[in-house]
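Examination of the molecular architecture
Now for the letters of each chain:
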Amino acid sequence: TFANATAGVALEVDEGSRLGGGHPAIHVAPAALAVAEDVGADGRRLLESLIAGYEICSRLGSATTPRSNVHSHGTWGTIGTAVAVAKLAGLDEAGVRSVINLSASMSPANTWTTALQGATIRNAYPGRSGLDGILAVDLHRAGFTGLPDAPSDVYGTILADRFEPERALEGLGGPLRIEQNYFKLYACCRYNHFALDALLPMARAGRVRVADVERVTVTTIPFGPRMARPDPTSMLGAKFSIPYAVAAALTLGRADVSAFVEPALDDPAIRDLAARVEVRADPDMSPRRADQPTARVEMTLKDGRVLTGVTSVVRGDFESPVPAAEVVEKFLALASAPLG
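Here the residue numbering is sequential within each chain, running from 1 through the sequence in written order. Local features are withheld for residues below a pLDDT of 70 in this predicted model, meaning they are given only at 70 or higher, and side-chain atom pairs are given and counted only at 80 or more; totals for whole chains, interfaces and linings count all residues. Remark: hydrogens and water are excluded; side-chain values derive from all non-hydrogen atoms of the structure.

Okay, the overall build of the chain next. Only DSSP runs of H or I covering at least 4 residues are called helices, and only runs of E covering at least 2 are called strands; the numbering of each starts at the N terminus. Looking only at helices and strands, the chain has 13 helices and 6 strands in total. Every radius of gyration here is taken over C-alpha atoms, with the globule rule written as 2.2 Å times N^0.38, N being the number of residues. For the chain, the C-alpha radius of gyration of 20 Å lies close to 20 Å, the compact-globule estimate for 340 residues. Three exposure classes are used, based on accessible area relative to the maximum for each residue type with a 1.4 Å probe and protein chains only: buried under 20%, partly exposed in between, and exposed over 50%. Per-residue burial over the chain gives 52% buried out of 340 residues. Partitioning the contacts of the chain with sequence separation of at least 6, the portion at a separation of at least 24 is 77%. Positive: Lys, Arg. Negative: Asp, Glu. His and the chain ends are not part of the count. Note on charges: their place is set at NZ of Lys, CZ of Arg, CG of Asp or CD of Glu. Here the chain contributes 33 positive and 38 negative side-chain charges, whose respective centroids are spaced 4 Å apart. Two residues qualify as a contact provided that any one of their heavy atoms is within 4.5 Å of a heavy atom in the partner residue.

This is the structure we're talking about:
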């Protein structure tokens, strides 16, 4: 569980839930696979546990407005892991409720600081919460008791600015949350994707050459300026830098894993362009909404022209889906070298 969750985050292959915020599957799938193998569960039980864990933690994410420096990796994901494992253990409704409350009180308090500074302990967040989610089921079996409403206690008083339980029930009975996810098509933080989706169509259409760019202005969600460091010193730091991601995508024409490691990381052309990328915030932009822009990119060229690109819902979202072959292509690109 720990190894797969950590590896998935390190390569930014974790999908996500725009409706709930964060990345449910990276908290649910590694533990579900490991425990299902351990108990000899069949495919149906594995899928039921995965779907249930995903549904619960995505909905709790919908109810949570995290504090500004709380990284959602590992927080309510602990509950997602615990629910999946509880389902595989065959617990009844009362048992699952108990496990939800136990695991909520074990939620890690993780910050954005490690990601923004490129410290790879950040990659261990979902691995750690996965271990705690499994432990919650063991504690339930051992007779440990939790609060009657631990999510409201933990998220309502410590990890979040607001916790609104009624929002967790919105749309219940409709499409499953696992059917309303997004897939990451770029190997970096989701908050970079808004700018990249506005930028890359212009670059690929041949409308701009890197040598012609004077400066780039990215207007995006309020969190954006925190990701404005132009000179990251590590792969992880580069994945959380809007200026670097924009410069690398413009220079290389792509934003896959190779864009965030050597030799790209020390490419003088990328570094030079990143220093000329400005990041601004628009308080009306939100990563959870689909009815307004999430990024506006303006490229000022040396001849005085200004090219503009705008993104609302990013490609790969359930409201802007891509062909399945594109997701498979990403998998093969990542898996072929180590697996053959």
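Spatial strand order, 4-3-5-6: 4 strands in an open sheet with mixed pairing. At either end of the open sheet lies a strand with only one pairing partner, and these are strand 4 (277–281) and strand 6 (306–311). Neighbour to neighbour, the strand axes of the sheet diverge by 15° on average, direction disregarded. Paired strands, in this sense, are two strands between which DSSP finds at least two bridges. Pairing analysis gives 5 bridges linking strand 3 (residues 213–220) to strand 4, with the strands arranged parallel. Paired with Val218 across the bridge in strand 4 is Val279. Lines fitted to C-alpha atoms define the axes here, with helix axes fitted over just the stretch in contact, and angles between the N-to-C directions of these axes take values from 0 to 180 degrees.

To pair, rings of Phe, Tyr and Trp, with the six-membered ring standing in for Trp, must have centres within 6.5 Å; the planes then decide the type, stacked if under 30 degrees apart, edge-to-face if over 60, and tilted in the middle. If you walk through the whole model with that rule in mind, you get 7 aromatic pairs. Between the aromatic rings of Trp112 and Phe223, the centroid separation amounts to 4.4 Å while the plane-to-plane angle is 45°, which identifies the pairing as tilted. Remark: Phe223 occurs in the loop between strand 3 and helix 10 (235–239) and Trp112 occurs in the loop between helix 5 (93–104) and helix 6 (113–117); sequence separation between them is 111 residues. The pair Trp112 / Phe223 is uniform in exposure class, with both members buried. Residues Tyr155 and Phe163 carry aromatic rings whose centres are separated by 5.8 Å and whose planes lie at 45° to one another, so their mutual orientation is tilted. Summarising the burial analysis for this pair, Tyr155 and Phe163 share the class buried. Ring pairing ties together the aromatic residues Trp112, Tyr191, Phe194, Phe223 and Phe240, which thus form one cluster. In this analysis the charged atom, NZ for Lys or CZ for Arg, is taken to sit over a ring once it is within 6 Å of the ring centre and within 35 degrees of the ring normal. Over the ring of Tyr182 we find Arg190, and its NZ or CZ is 3.5 Å from the ring centre.

The next thing to look at is the pairing of strand 5 (residues 295–301). Burial within strand 5 is extensive, with 5 of its 7 residues counted as buried. As defined by bridge partners, strand 3 adjoins strand 5 across 7 bridges and the pair is classed as antiparallel. Along strand 5, the bridge assignment pairs Thr217 with Glu298. The pairing of strand 5 with strand 6 spans 6 bridges and is classified as antiparallel. Note on strand 6: the bridge partner recorded for Val297 is Gly309. Linking strand 5 to strand 6, which pair antiparallel, is a turn of 4 residues; within it Gly304 sits at a positive phi near 95°.

Moving on: the packing of helix 4 (residues 77–88) against helix 7 (residues 125–141). For the pair helix 4 and helix 7, the least separation of the axes is 7 Å and the interaxial angle reads 45°. By the angle between their directions, the pair helix 4 and helix 7 is classed as oblique. The way helix 4 lies across helix 7 gives a crossing that is right-handed. Counting all contacts with helix 4, which are made through Gly77, Thr78, Thr81, Ala82, Val85 and Ala86, the residues of helix 7 involved are Ser129, Gly130, Asp132, Gly133, Ile134, Ala136 and Val137. Residues were grouped as follows: Ala, Val, Leu, Ile, Met, Phe, Trp, Tyr, Cys and Pro as nonpolar; Asp, Glu, Lys and Arg as charged; and all remaining residues, including Gly, as polar. For the contact of helix 4 with helix 7, the class distribution of residues is 6 nonpolar, 6 polar and 1 charged. By the definition adopted for this analysis, an angle is roughly parallel if under 35 degrees, roughly antiparallel if over 145, roughly perpendicular if from 65 to 115, and oblique otherwise. For a crossing to be left-handed, the near helix must be turned anticlockwise from the far one by less than a right angle; the clockwise case is right-handed.

A separate point is the pattern of salt bridges. For salt bridges, the criterion is a side-chain nitrogen of Lys or Arg within 4 Å of an Asp or Glu carboxyl oxygen. The full count for this structure, using the stated rule, is 20 salt bridges. Between Arg18 and Asp317 there is a salt bridge, with its nearest N and O atoms 2.8 Å apart. With Arg18 in the loop between helix 1 (2–10) and helix 2 (24–39) and Asp317 in the loop between strand 6 and helix 13 (324–339), the pair connects residues that are 299 residues apart, well separated along the chain. Each member of the pair, Arg18 as well as Asp317, carries the same accessibility label: buried. For the salt bridge of Asp303 with Arg305, the shortest nitrogen-to-oxygen distance reads 2.9 Å. Linked by salt bridges that have partners in common, Glu12, Asp14, Arg122 and Lys184 make up one network.

Now for empty space enclosed by the protein. Vacant regions in the atomic arrangement are exposed by a probe of water-molecule size rolled over the atoms. Each cavity reported here is a set of points on a 1 Å grid over the protein atoms alone in which a 1.4 Å probe fits but cannot get out, each pocket an open set with protein on both sides within 12 Å along at least five of seven lines, and each lining residue one with an atom within 4 Å of a point. Grid points are joined across faces, edges and corners, and a volume is the space filled by probe spheres set on the points. Under the counting rule described, the total for this entry stands at 1 cavity of 30 Å³ or more. For the largest cavity, the calculated volume is near 40 Å³. As for the largest cavity, its lining consists of Thr64, Pro66, Val70, Ser72, Thr75, Trp76, Tyr155 and Leu159. Looking at the lining of the largest cavity, the elements that each hand over two or more residues are strand 1 (64–66) and helix 8 (150–159).

Moving on to the environment of Val99. Looking at where Val99 falls in the secondary structure, it is placed in helix 5. The sequence separation of Val99 and Phe144 amounts to 45 residues, and the corresponding C-alpha distance is 9.7 Å. In this structure, Val99 is in contact with Ala82, Ala86, Leu91, Ala136, Val137 and His140, ignoring residues within four places of it in sequence.

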